[in-house]
Amino acid sequence: MSQSLWNRVLERFCEFGSEPGALERDGILDLLKGAVLEGGKDGYSVLVGSSFIQRLVQNRYYKDLLTAFREVTQNPEISFDVLVQPENVPRKKRKVVRNSGPEGGLSPGKPVPLPLGEDRSPSWNSNLNPRYFFENYVVGVCNQFAHAAAFAIANNPSKAYNPFYLFGSVGLGKTHLVSAIGNCMIALYPSLKVLYITTESFLNEMVSAIKFNKMNEFRERYRKIDVLIMDDVQFLSGKERTQEELFYTFNALYENGKQIILSSDCMPNDIPTLEGRLKSRFGWGLIADIQIPDFETKVEILKGKMAQEKVDLPMDVVYFLANSIKSNIRELEGAMIRLGAYGNLMGKPITIEVARNLLSDLMPLSRESISVDRILQEVADYFKVLPKEIRSKKRHKTLVTARHVAVYLIRELTQKSYPEIGRELGGRDHSTAIYSFKMVEEKLESDPALTSDIVYLKKKLEQQG
Ligand SMILES: Nc1ncnc2c1ncn2[C@@H]1O[C@H](COP(=O)(O)OP(=O)(O)OP(=O)(O)O)[C@@H](O)[C@H]1O
């Protein structure tokens with residue numbers, strides 16, 4: 001009953017969508033759909049998944065939600081609290097952790113009501129993607145430093161590090177992290193004017209302002225920002241006029257103590273034809289990078305994305321993806337979505353074989369760069385036997401297991417067909433190779449020891465290329 005009331009409130013809330021802040025609202029909806037409405041005559045509580053969402057709702061959406069709530073219930077007196085629902089929050093702490101939100105101290109515990117704010121609805125469109133926040137950003141060795149810096153900046157705008165320059169190669173989570181800073185800031189400090197803009201949009205706005213003789217308005221708009229988040233500044237390369245305009249914007253903001261956050265795919269010095277004065281300014285504060293994630297971080301990211309997108313893949317397929325897609329998280333995510341869609345549309349279980357066939361375009365490199373001899377050597381070392389024994393006809397237990405594992409890894413990590421694998425393994429028949437592969441594939445579901453053997457060996461082979 002309460003939940004259907006909540007859904008009606010959300011429907012009404014959506015209808016306020018043409019006002020400033022509508023973009024954020026579209027994203028906040030996803031977060032709010034997971035909330036639970038409790039209560040009755042004396043008042044209602046909305047239980048949300050984390051203190052971050054609590055703050056976001058409280059500081060930015062409360063007034064509109066309350067209006068929607070009152071309209072739907074036709075009760076102008078009614079109100080609700082926003083509480084954190086403890087069991088909705090991930091508790092696991094491991095080497096790779098999903099962050100529990102800003103301020104460290106905002107970690108979930110017993111429900112914490114916040115004082116109801118006065119009207120603090122947004123009148124400023126930050127242009128931030130509301131799906132990117134600290135809580136769904138997985139922290140691993142690859143991004144620990146960048147994350148810590150981002151977190152500090154989010155909590156102390158303009159005081160911690162200014163400017164903050166984040167770089168890393170394609171699809172490694174730069175936009176996610178800089179957006180998380182912005183989203184956290186507007187949750188903690190609702191009156192801050194945070195603006196996220198891509199370098200391309202900045203350029204387009206400027207070109208249009210020049211065309212329509214509106215440069216004063218353009219400059220005015222950028223001078224009144226408290227936090228400028230500019231994504232992909234490598235695209236400044238070769239754009240002299242844009243560089244010049246950004247230089248003036250940068251100076252005005254910096255001199256007024258405003259926070260500047262920049263992301264790029266390389267260090268300032270490596271952006272071709274970037275003016276020296278911008279190069280040096282970009283490095284005035286803190287430069288941090290995001291590196292290629294390790295296997296565990298990729299698995300953790302995949303698990304988070306699967307939960308978010310409601311995709312259910314078996315763990316061996318998750319390991320397979322994390323192992324095969326080397327460096328681009330966007331590709332990893334795309335692969336997961338593709339497999340999820342295939343599973344839904346075809347109604348078939350997703351196996352490693354299916355994944356390999358569907359995603360062959362994403363993983364050609366890993367399948368070409370590892371030789372059969374290397375795989376046999378690694379497997380032999382691991383099981384303390386010799387490669388020639390794996391190829392032999394001998395059938396004692398360790399050798400049989402090593403042979404099955406070798407077949408499985410060759411099939412996974414190379415382009416070899418089953419007949420070729422059979423030949424490589426001492427002239428065996430292709431049906432023997434298929435049997436070995438299937439044996440391992442089936443056992444992976446139920447045999448943790450075998451799974452960890454495979455994961456270890458794959459990781460080792462892939463790392464050394
Ligand atoms: N550590 C992480 N935790 C959770 N999700 C991540 C992480 N790193 C990347 N992602 C996800 O990967 C996808 C790509 O990330 P994002 O767009 O931020 O990358 P980028 O570095 O800005 O890419 P580009 O260089 O193309 O601009 C996003 O969906 C993002 O949520």
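Higher on the page you've got the structure.
All values reported here derive from a predicted model rather than from experimental measurement. (Residues numbered from 1 in each chain as written. Predicted model: local features only at pLDDT ≥ 70, side-chain atom pairs only at ≥ 80, totals over all residues.)

1. Overview of the overall build of the protein
Then, number 1: Looking only at helices and strands, the protein features 20 helices and ten strands.
Then, number 2: When the 465 residues of the protein are sorted by exposure, 39% land in the buried category. (Helix = DSSP H or I, 4+ residues; strand = E, 2+ residues; numbered from the N terminus. Buried ≥ 20, exposed ≤ 12 C-beta atoms within 10 Å, placed from the backbone.)

2. Considering helix α12 (residues 329–346)
Then, number 1: Spanning 18 residues, α12 covers 25 Å between terminal C-alpha atoms, matching the ideal 26 Å at 1.5 Å per step.
Then, number 2: Elements that come into contact with the buried residues of α12 comprise α10 (295–309), α11 (315–324) and α13 (352–358).
Then, number 3: Taken from the residues just after α12, G347 is the one with a positive phi, measuring 65 degrees. (Expected span 1.5 Å × (residues − 1). Contact = placed C-beta atoms within 7 Å.)

3. Details of unusual backbone geometry
Then, number 1: Cis geometry is found at the peptide bond from N162 to P163, where omega equals -5 degrees.
Then, number 2: Inspection of the secondary structure assignment puts P163 in the loop between α4 (144–155) and β6 (164–167).
Then, number 3: Its identity as a non-glycine residue notwithstanding, S158 has a phi of 70 degrees, on the positive side.
Then, number 4: Position of S158 among the secondary structure elements: in the loop between α4 and β6.
Then, number 5: Of note, T273 is a non-glycine position whose phi angle comes to about 60 degrees, a positive value.

4. Some details on the pairing of strand β8 (residues 227–231)
Then, number 1: Of all the five residues making up β8, five are buried; the element is thus mostly covered by neighbouring parts of the structure.
Then, number 2: Residues V227, I229 and D231 point to one face of β8 and L228 and M230 to the other, with burial holding for every one of them.
Then, number 3: Where β8 meets strand β9 (residues 259–264), four bridges bridge the pair, whose relative direction is parallel. The partner of M230 across the bridge, within β9, is L262.
Then, number 4: Handedness of the β8-helix α8 (residues 240–255)-β9 crossover: right-handed. (Pairing = 2+ DSSP bridges. Right-handed = clockwise from strand over helix to strand, strands pointing away.)

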